[in-house]
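Structure at a glance
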Amino acid sequence: MSSPPAADAAAVDRNRPVQVYILLGQSNMVGAGKIGPVDKDGTLEHAVKQKGKYPYLVDAQGNWSQRTDVRNVRVMGSGTGPAKLFNNEWMTVKGRSIGPELGIGHALGDATDAPVLILKSCIGNRSLGWDLLPPGSEGYEFEDKGKTWVYAGYKQSPMRWEKGTQPQPITWYAGMQYDGDIANAKQVLSELEKYYPDATSYEIAGFFFWQGDKDRYDAGLASHYEANLVRFIQQLRQDFDAPQAKFVCATLGQTEQGATGNEGPILNAQLSVDGRSGKYLQFQGNVATVYTHPISHGGASNGHYGGNAETYMDVGEAMGKAMVELNRR
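Residues numbered from 1 in each chain as written. Predicted model: local features only at pLDDT ≥ 70, side-chain atom pairs only at ≥ 80, totals over all residues. Heavy atoms only, no water.

**Structural notes on the packing of aromatic side chains**
Stated formally: Classification of ring pairs uses Phe, Tyr and Trp, with its six-membered ring standing for Trp, and accepts pairs whose centres are within 6.5 Å; under 30 degrees between planes counts as stacked, over 60 as edge-to-face, and the remaining range as tilted. Only DSSP runs of H or I covering at least 4 residues are called helices, and only runs of E covering at least 2 are called strands; the numbering of each starts at the N terminus. Exposure is judged per residue with a 1.4 Å probe applied to protein chains only, and the accessible area is read against the type maximum: over 50% gives exposed, under 20% gives buried, and values in between give partly exposed.
Under the definition given, this model contains 14 aromatic pairs. Here Phe207 and Phe240 contribute two aromatic rings whose centre-to-centre distance is 5.7 Å and whose plane-to-plane angle is 55 degrees, an arrangement assigned as tilted. Linking Phe207 in strand E10 (residues 202-210) with Phe240 in the loop between helix H8 (225-239) and strand E11 (246-250), this pair joins segments that are 33 residues apart in sequence. Comparing Phe207 with Phe240 shows no difference in burial state: the two are buried.

Shown next, in the form of structure tokens:
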């Protein structure tokens, strides 16, 4: 259980830079876990007040607790358009739905005496191979049903076109959401004191990524998911000048090991970047993947797991624990 809320601020060394963890992805990361009502199984209120789960989320009076050592900030914008601020408060339960940030934030807050900022910058319905394609990604060819398609590299448009034809650009380009999400996160950090009161400096400590749903609807995107994910991790560290920042990825809850179709390559890619797999030596000790199928409470990513708050809490806790373990190495 977390420290009592009143003790949080006193336990933090305010002289240390704020430890920033950036949360990225699509609707999985945005979160759709329902907070209430208390009498409905699957809501957060039911899990806490009827099942006795996640006791750190409530104080001695039974109200939602507030951590004054962990700040929760969320921004969202479509592509490179203007961003909207959804959250800017000390970590607590607020609004009508949650994502994995509660489990992540409490795990990190408990594990460090430095101030922590959870910074979520993402929007739903975005693929890694198109919308979130990182800078430097090159196009590639993929054969599907007798046709060869050319898939866009960074800043190319449209997403794909038949080989031998002239691509007809649209108003969206490959990586447009990546550019927007990163710019929005950087804008928050440029005004640090507005989002973490009295803070004067920060360090990018890590990244969290829960994504993969949209890529599973296109065989070409699924086939290249691993290469895109490797590039994504590398580019994030470069863009934030944080070569030592840890990275934690979560798989789709409905996808089991051994899955076929488009979900298989995506799951295998996510498991392959885990430093313990041995496939990428540069990721040993600094990248971890959480296999979420055993802790998912049903439903699928495209249905937001039925809004089951326990899925978002349990995945968040697992992701937070994985980051804590990486930080100890």
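Moving on, there is more to tell.
**What to know about the sheet that holds E10**
Keep this limit in mind: At least two DSSP bridges between two strands are required for those strands to pair. Axis definition: a line fit to C-alpha positions, over the contact stretch in the case of helices; interaxial angles, taken between N-to-C directions, run 0 to 180 degrees.
One open sheet accounts for seven strands, arranged E4-E3-E6-E1-E10-E11-E12; its pairing is mixed. The open sheet is flanked by strand E4 (84-91) and strand E12 (287-290), the only strands paired with a single partner. Each neighbouring strand pair of the sheet contributes to a mean axis angle of 20 degrees, computed without reference to strand direction. As judged from the five bridges shared by E10 and E11, these two strands associate in the parallel manner.

**Quick look at the pairing of E11**
Operational definition: If you view a crossover with the strands going away from you and the path from the first strand over the helix to the second runs clockwise, you call it right-handed.
Burial within E11 is extensive, with five of its five residues counted as buried. Burial along E11 is two-sided: the residues Lys246, Val248 and Ala250 and Phe247 and Cys249 are all buried. For E11 and E12, the ladder comprises four bridges, and the chain directions are parallel. Bridging from a neighbouring strand, Val248 pairs with Ala288 of E12. Crossover E11 to E12 through helix H9 (residues 263-272) is right-handed.

**Quick notes on helix H5 (residues 176-190)**
The condition is simple: The span expected for a helix works out to 1.5 Å for each residue beyond the first. Contacts between residues were defined by any pair of non-hydrogen atoms, one from each residue, lying within 4.5 Å.
Its 15 residues place the ends of H5 21 Å apart at the C-alpha level, agreeing with the 21 Å of an ideal helix rising 1.5 Å per residue. Across the 15 residues that make up H5, a large majority, 11, are buried. Buried within H5 are the following residues: Met176, Gln177, Tyr178, Asp179, Gly180, Asp181, Ile182, Asn184, Ala185, Val188 and Leu189. As for H5, its buried residues are in contact with strand E1 (18-25), strand E3 (67-76), strand E6 (116-121), helix H6 (192-195), E10 and H8.

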